[in-house]
Structures are given as structure tokens and as C-alpha cells.
Amino acid sequence: MAWDFSTNPESQTQLDRMDDVVREEISPLATPDLDREPIALAGTAEQTERRRPRRRRRPAAGVLVVLLCAWALPACGSGAPDQATQEPAVPSQATAAAAPAPQPRGRLAPRATTNHFDGARAFALLRAQVEDYGWRPAGSAPLRRLALRLRALLPRGRFENVPGHPGLRNIVGSVPGRMPAIVVAAHYDVEAVPAGFVGANDGAAGTAAVVTLARAFDRARRPPDARALRFVLFDGEEEPAGCEPFAECGLRGSKAYAKRHAGETRALVLLDYIAERRGLSFPREGGSDAELWGKLRSAARAVGVGRLFPNRTSGAILDDHTPFRQRGVPAIDVIDFDYPQRDTLADNMSAVAQRSIDAVGEAVHRLVTRLRAGR
Ligand SMILES: [Zn+2]
């Protein structure tokens, strides 16, 4: 997908943000070993301070304080441990100042308070796409193999050809109900350029979430008069190598699906870039339907992840929801486009987290539950 400058009066803001992204991408420090969560020690000290201001620290923090005092705070002297229990604020600040750990950008996603979405299973499917299939642009042999697996995972899964693009196939799962249907979608192809791009966040994450949601709704009790659900994985979202502009070369699967099914689509919820490990945040994408977005925000609050959906709007983005918008279907693009690894080989497993995909999955599960009940 790409910024949609045609509908965006504040394109300079977008260009500035793109500059930021480029700056971060070329920095070799942009991808620290986030698995180790290096700010955990500082966080522990602060929590201890807030919850138990005058009590003894947990052993690990106490040991840390001793170590810090030994080499960083000569004034601590031999009385350091006792002093630490009396005055927790001092060693806590010292921890933050002296710790050599790299500063990761942003926080981890909040933990959802519901468990309708199987985050572990979704993350395993994300990983399987990346690790079992690797670079898998539209039309490639690995993507065609992946498509067979995805079709088998989707309830009532079937292929739909993409007219004019031989070899490309959308994959459609469904849960029966009243028409027109609620559609939850993502693209399952990845960038053709750069070679070797695996798209953990851009491609695999949305795909994994759509499949996981489909399976959850297929198993769940269906309320009377519920709307039909469609779970659609678009092929050919990314443009072929060397083809421009994006608006004409990309979005191949979604254009085909919208052309054929817009009339039977009540609303579209598109998932893209939803698993960024840290700093996950979804301002309303400028082209997303405001009313539907409001429902997503209240769904997110209801499951405890409202913080991920701040009350502001970003520029419009050309993405698989665009062909639906153009046909008058209310559509939203759940996308965190402020992703330093975007369109680079660093969009790999180190850049994504189960917690992130789970938080979004729970919020979207809640939203779809409401939408299909007609509320
Ligand atoms: Zn994408």
C-alpha cells in the first residue's frame, strides 16, 4: 500500500513522517534484540516504588541496586542496600540513568481482558507464513502453496480467480447468515521488491488474524438473524516489480472482489500492519469510515485495549479497502503505517509480537460480534 496523496491536503506532514521512517530504517540500531525486553528492570523498580513505597524490594531489584551502587554511585557506600529500602526513588533513577540497555521504541501492546481470539494460534500462523514459505510475492510458487494451506484453514474456504491476472487467487471463507455480509480481510501476498522480503507484519499478520477470526466465528454460537461473515485473503495487493503507479498496479485481488461483491458487502474491516512488536498504534486512517471506526474504538475499549486507538486521524492510504470505498461500501483500514521496518527485509519475526496481534484480534472480534448482530 502507499500514501494516498490525492485525498490528503496535508501531504507535507506525510512526507515528514516518511523522512522519519527512512531515518529510522537506515539506523543499524533500529532493531535491538527486543525479545529481552531491556526496560523490564527499570519498570520493575518503578512499579515497586509506586505500589510499595516503603517496603523491602523484590530480591532481583535489590541485587541490581547493590551492583549499581558498586560501580555507578560511590555515594551509596556500604550502607547501600538499607538505603535502597528506605529511599527507593534514588536507586530507581540511578537504574534509568546508568543502564546500558538500548532503548526500544514504544511500549508493548496492552493485554486484552477477553479471550475470544486465539493469539497463540494466530502468531503461530504468522510465523508459519514467514518461516515455511519465505519470500512469497503474488504468482510465486511459495504463495500458491501457502494458498492451499490457507484455504484449508478457512471455514468453507474456496478460491476466486482475479480476472485479468492469471495465477492470482483470492481466498474466501464464510460463515452463513443474513446478507449483505460483513467482510474481514487482509492480503496474503508480499512485496516483490526487495528480493527475500518475508512480510511478517505486512502480509502475514493480517492474514493470520483473518484466519483466526474466521475459525473463532465458525465455532461460536450464531445469534438468530446474524449477518453473514466473509473472511477474504486478497492476492496481488502489492505491485509487481517495476510497475507504477501503485494505484493501477497493486490492489489486484481487492479490486476484483469489490467489483464482484460490493453489492453484497455491508462493511469491510481490513487488517494490515497489526502486529508491530512495540509502539503499536492505530490513528484512524484518513480514508476509513468515521462511524465504523468509532465502533472499532469502542470495541477496543470494551476489551481493554483502547489505548491502541488514539483519537486522531492519519493521512489516507491506498490499500485493499480503497476499491470498496470507491463503491460506497463503509470500510476501515486497521493499519499502523508508522512502522520503521516497512517495505524492508527487517519486516521479519523480530519486529512482531503475539501480544500485538492478540490485542487487535480481540478488538476486531468484538467489533464483528456487534456488526453481525446489526448493532
Ligand atoms: Zn500490507
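Residues numbered from 1 in each chain as written. Predicted model: local features only at pLDDT ≥ 70, side-chain atom pairs only at ≥ 80, totals over all residues.

Before going further, it helps to spend a moment on the overall build of the protein chain. Along its length, the protein chain carries 13 helices and eight strands. Burial analysis of the protein chain (375 residues in total) assigns 45% to the buried set. Long-range contacts, defined here as pairs at least 24 residues apart, represent 80% of the contacts in the protein chain between residues at least 6 apart. (Helix = DSSP H or I, 4+ residues; strand = E, 2+ residues; numbered from the N terminus. Buried ≥ 20, exposed ≤ 12 C-beta atoms within 10 Å, placed from the backbone. Contact = placed C-beta atoms within 7 Å.)

Take the pairing of strand β5 (residues 227–234) next. If a strand is regular, its side chains alternate between the two faces of the sheet. Among the eight residues of β5, seven are classified as buried, and the element is accordingly described as predominantly covered. Inspection of the sheet shows strand β3 (residues 169–175) paired to β5 by five bridges, in the antiparallel sense. Each residue of the ladder has a partner; that of Val-172, found in β5, is Val-232. Summarising the sheet, strand β4 (residues 178–187) and β5 pair through seven bridges and their orientation is parallel. Paired with Ala-186 across the bridge in β5 is Leu-233. (Pairing = 2+ DSSP bridges.)

Spatially, β2-β3-β5-β4-β6-β8 is the arrangement adopted by the six strands of the open sheet, whose pairing is mixed. Strands with a single pairing partner mark the edges of an open sheet, and in this sheet they are β2 (158–161) and β8 (331–335). The sheet shows a mean angle of 25 degrees between the axes of neighbouring strands, direction not considered. Packed on one face of the sheet, helix α7 (residues 141–153) meets β2, β3 and β5 and runs near 10 degrees to β3. (Axes fitted to C-alpha atoms, helices over the stretch in contact; angles between N-to-C directions.)

With respect to the helices and strands, Pro-110 occurs in the loop between α5 (89–98) and α6 (119–133). Note on Pro-110: 17 C-beta atoms within 10 Å, which makes it partly exposed. Taking C-alpha positions, Pro-110 is 9.7 Å from Leu-280, a pair spaced 170 residues apart along the chain. Apart from the residues lying within four places of it in its own chain, the contact partners of Pro-110 are Gly-304, Val-305, Arg-307 and Ala-359.

All right, on to the environment of Ala-241 then. Mapped onto the secondary structure, Ala-241 falls in the loop between β5 and α9 (246–249). In sequence terms Ala-241 and Pro-194 are 47 residues apart; their C-alpha atoms lie 8.9 Å from each other. When sequence neighbours within four positions are dropped, the list of residues in contact with Ala-241 reads Ala-192 and Val-193.

Right, let's talk about the packing of α6 against helix α8 (residues 200–219) for a bit. Contact geometry of α6 with α8 gives a least axis separation of 8 Å together with a crossing angle of 135 degrees. For the element pair α6 / α8, the angle class is oblique. The way α6 lies across α8 gives a crossing that is right-handed. Where α6 approaches α8, its residues Arg-121, Ala-122, Leu-125, Leu-126, Gln-129 and Val-130 are matched on the opposing element by Ala-200, Ala-204, Ala-205, Thr-207, Ala-208, Ala-209, Val-211 and Thr-212. In terms of residue class, the contact of α6 with α8 is made up of ten nonpolar, three polar and one charged. (Parallel < 35°, antiparallel > 145°, perpendicular 65-115°, else oblique. Left-handed = near helix turned anticlockwise from the far one by under 90°. Nonpolar A, V, L, I, M, F, W, Y, C, P; charged D, E, K, R; others polar.)

Turning our eyes to something else, we now look at the packing of helix α11 (residues 290–302) against helix α13 (residues 354–372). At a closest axis distance of 8 Å, the pairing of α11 and α13 adopts a crossing angle of 120 degrees. Regarding the angle of α11 to α13, the classification is oblique. In this structure, α11 crosses over α13, and the sense of that crossing is right-handed. In contact with Lys-295, Leu-296, Ala-299, Ala-300 and Ala-302 of α11, α13 contributes Ala-363, Arg-366, Leu-367 and Arg-370. Partitioning the contact of α11 with α13 into residue classes produces six nonpolar, no polar and three charged.

Glancing now at helix α10 (residues 252–261). Counting buried positions over the ten residues of α10 gives eight, a clear majority of the element. Buried positions along α10 lie against β2, β3, β4, β5, β6 (265–272) and α12 (322–325).

On to unusual backbone geometry, then. Here the amide bond leading from Met-179 into Pro-180 is cis, since omega sits at 0 degrees, within 30 degrees of zero. On the secondary structure map, Pro-180 appears in strand β4. For the bond from Val-193 to Pro-194, the omega torsion is 0 degrees, close enough to zero to count as cis. Looking at the element boundaries, Pro-194 is found in the loop between β4 and α8.

An ideal rise of 1.5 Å per residue puts 27 Å on 19 residues; α13 measures up with 26 Å between its terminal C-alpha atoms. Note on α13: the residue one or two positions beyond its end, Gly-374, has a positive phi of about 80 degrees. (Expected span 1.5 Å × (residues − 1).)

Along the chain, the position of Ala-300 falls in helix α11. Contacts of Ala-300, omitting those with residues within four sequence positions, involve Val-305, Gly-306, Leu-308, Phe-309 and Ala-363.

Attention now goes to the confidence of the model for the protein chain. With 73% of its residues at a pLDDT of 70 or more, the protein chain shows a mean pLDDT of 82. Low pLDDT, under 50, characterises residues 21–97; the predicted model gives this stretch 66 contacts beyond four residues in sequence or across chains. (pLDDT = per-residue confidence, 0-100.)

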